Amino acid sequence: MEFKKIKNKYLIRLDKDEKIIGTLLNFLKNNKIKAGFFLGLGAIHEVELAHYALENKKYSSKSLKGAFEIVSLLGNSCIFDGKEYIHAHIIVGDSEMKTYGGHLKEAVVGPTCEIIFEEIDGEIGREYSEEIGLNLFKF
Amino acid sequence: MEFKKIKNKYLIRLDKDEKIIGTLLNFLKNNKIKAGFFLGLGAIHEVELAHYALENKKYSSKSLKGAFEIVSLLGNSCIFDGKEYIHAHIIVGDSEMKTYGGHLKEAVVGPTCEIIFEEIDGEIGREYSEEIGLNLFKF
Amino acid sequence: MEFKKIKNKYLIRLDKDEKIIGTLLNFLKNNKIKAGFFLGLGAIHEVELAHYALENKKYSSKSLKGAFEIVSLLGNSCIFDGKEYIHAHIIVGDSEMKTYGGHLKEAVVGPTCEIIFEEIDGEIGREYSEEIGLNLFKF
């Protein structure tokens, strides 16, 4: 990965075989970024998508392998429980231009991934909700 | 819903059973926000998607119920005809990670919905177009 | 097309029958914009989606015609080889709310297209990668 900072924005290139979430978490830690949001595009050759069922408070997941475009990547980051935390959703497209989307557990970059990350000059809190079973925004 | 303002950005959490468009319109009104744009992710348990046909100048729509991730939510807001106005498109994903998308008429939040709304320091105009049958950006 | 500049943001309306990429490239040139990123929504009546296969370093593409909502449009721009350069991915939805997505080669606007373009106060470099076969971010 390589990045460039311009004011409060980071332009990021993730490279072939790098993990999107793992690499971004390291990037946030190394750059002491407390909160922000991002959008991205590119391609992956492996992704684990997840879907949350409130009724049993569990994620189901599905792994896809092969050449997929990242047709949308939207997410936010904060510090939760003392550590960098990312919440992102992704949509990928196959060679038939069919799309699949969900909560992004992890993905492995294919040819490249381009992300615009905007740092927010403040903090975003999160708190576990017993009712929902997830770590929700808490201000 | 709960939100936090950091400079020109609002971090917003919408809660279970809240309507996305209705709640955001109230939020814009209460905070006297004249224009902005947003991106979001989360989940819904009800959504009405719409598709516009220029030939008859009408939206057709489709309602989905059940647990769907919001895999993408993009929109903008302005004041039109003296009132807050939102134009948003959404893509949702089911438990098979299949996606459905369209113009967002309304949706009811499932576990949570996280939105980053950026206020624009100016106004966005709209004007009804006879030819198109929609309220288009007008500057 | 019509646009309005507010600080570092351009609100853009593309009109029926205008090409998205072609019109944006002219807009960037006319306004001497060196780098930025954007998000958009709207509708198209023609689009060429592409999908990259690293194994043969070639894009395959698929053209869709008819009334499609632009349910997501994400992209970035820079100057590459002395000229304006856009990299964008798009997801479109049909009247059944089914979605198709990929690398955006070109699209022809239907009723309208609304874009928020944010100029970045700096430069984004790109460089051709022999290994990948694409022009990647280079900082």
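Scroll up for the structure.
Nothing here was measured: the structure is a model prediction, and the numbers come from that model. (Residues numbered from 1 in each chain as written. Chains lettered and ligands numbered in written order. Predicted model: local features only at pLDDT ≥ 70, side-chain atom pairs only at ≥ 80, totals over all residues.)

Could you give an account of the overall build of chain A, with specific residues and numbers?
Counting secondary structure elements, chain A contains 1 helix and 8 strands. Overall, chain A shows an N-to-C arrangement of helices and strands of β-β-α-β-β-β-β-β-β. Here the C-alpha coordinates of chain A stretch approximately 45 × 40 × 20 Å along the principal axes. In chain A, which comprises 139 residues, the share counted as buried stands at 45%. Summarising the internal contacts of chain A: among those between residues at least 6 apart in sequence, 63% fall at separations of at least 24. (Helix = DSSP H or I, 4+ residues; strand = E, 2+ residues; numbered from the N terminus. Buried ≥ 20, exposed ≤ 12 C-beta atoms within 10 Å, placed from the backbone. Contact = placed C-beta atoms within 7 Å.)

I'd like a rundown of the relation of the copies chain A and chain C, residues and numbers included.
Take chain A, turn it by 120 degrees, move it 0.0 Å along the axis, and it overlays chain C with an RMSD of 0.0 Å. Those values place the two copies in the arrangement expected of a three-fold rotation axis. Among all residues of chain A, the minimum C-alpha distance to the rotation axis is found for T99(A), at 3.7 Å. Little of the interface of chain A is mirrored in chain C, where only 15% of its interface residues are also at the interface. (Least-squares fit on C-alpha atoms with pLDDT ≥ 70 in both.)

Which residues make up the pairing of strand β1 (residues 2-6) of chain C, and what are the values?
All names here are of chain C. With 5 bridges joining them, β1 and strand β2 (residues 9-15) adopt antiparallel strand pairing. The residue of β2 that forms the bridge with K5 is Y10. The antiparallel hairpin formed by β1 and β2 contains 2 residues in its connecting segment, where K7 sits at a positive phi of about 55 degrees. (Pairing = 2+ DSSP bridges.)

Give a description of helix α1 (residues 20-30) of chain A that names residues and reports values.
Residues and elements named next belong to chain A. What α1 keeps buried is the set I20, L24 and L28. The buried residues of α1 all sit within an arc of 60 degrees when viewed along its axis, so they share a single face. In α1, the exposed positions that point more than 90 degrees away from the buried face belong to K29 and N30. The inward-facing, buried residues of α1 contact β2 (9-15), β4 (58-80), β5 (83-93) and β6 (99-119). (Arc of directions from axis to C-beta.)

Break down the interface of chain B and chain C for me, citing the residues and quoting the values.
In this complex, chain B contributes 29 residues to the contact, which on the side of chain C involves 27 residues. Counting only elements with at least two residues in the side of chain B that touches chain C, the list comes to β3 (36-53), β4 (58-80), β5 (83-93), β6 (99-119) and β8 (135-137) of chain B. Tallying contributions element by element places β3(B) first for the side of chain B that touches chain C, with 6 residues.

Describe the pairing of β4(B), with residues and values.
All names here are of chain B. Judged from the 16 bridges that link them, β3 and β4 form a sheet pairing that is antiparallel. Residue pairing in the sheet places G40 in a bridge with L73 of β4. As consecutive antiparallel partners, β3 and β4 are separated by 4 residues, and within that stretch K57 has a phi angle of approximately 55 degrees, a positive value. Strand direction decides the pairing type here: β4 and β5, joined by 11 bridges, are antiparallel. Paired with G75 across the bridge in β5 is A88. Once β4 ends, the chain turns through 2 residues before running back antiparallel as β5, passing D81 with a positive phi of about 60 degrees.

Outline the interface of chain A and chain C, listing residues and values.
Facing the 27 residues of chain A at the interface are 29 residues of chain C. Broken down by secondary-structure element, the contributors of at least two residues to the side of chain A that touches chain C are β1 (2-6), β2, β3 (36-53), β4, β5 and β6 of chain A.

How would you summarise helix α1 (residues 20-30) of chain B if you had to cite specific residues and measurements?
Contact partners of the buried residues in α1(B): β2 (9-15), β4, β5 and β6 of chain B. One or two positions beyond α1(B), positive phi appears at K32(B), with a value near 50 degrees.

Can you tell me about the relation of the copies chain B and chain C, naming the residues and giving the values?
When chain B is fitted onto chain C, the two copies agree to an RMSD of 0.0 Å after a turn of 120 degrees and an axial shift of 0.0 Å. Both copies present different contact surfaces, since only 14% of the interface residues of chain B are interface residues in chain C too.

Explain unusual backbone geometry to me, using residue names and the numbers behind them.
All names here are of chain A. A positive phi angle, close to 75 degrees, is found at D17, a residue other than glycine. Within the fold, D17 resides in the loop between β2 and α1. The exposure class assigned to D17 is exposed, which follows from the 10 C-beta atoms found within 10 Å.

Let's hear about the environment of A67(B): which residues, and what values?
Assignment of secondary structure puts A67(B) in strand β4. Under the C-beta neighbour-count criterion, A67(B) is labelled partly exposed, with 19 such atoms within 10 Å. Distance in space between the C-alpha atoms of A67(B) and E2(B) is 22 Å, their sequence separation being 65 residues. Setting aside anything within four residues of it in sequence, one finds A67(B) in contact with Y52(A), A53(A), L54(A), A43(B), H45(B), S95(B) and G110(B).

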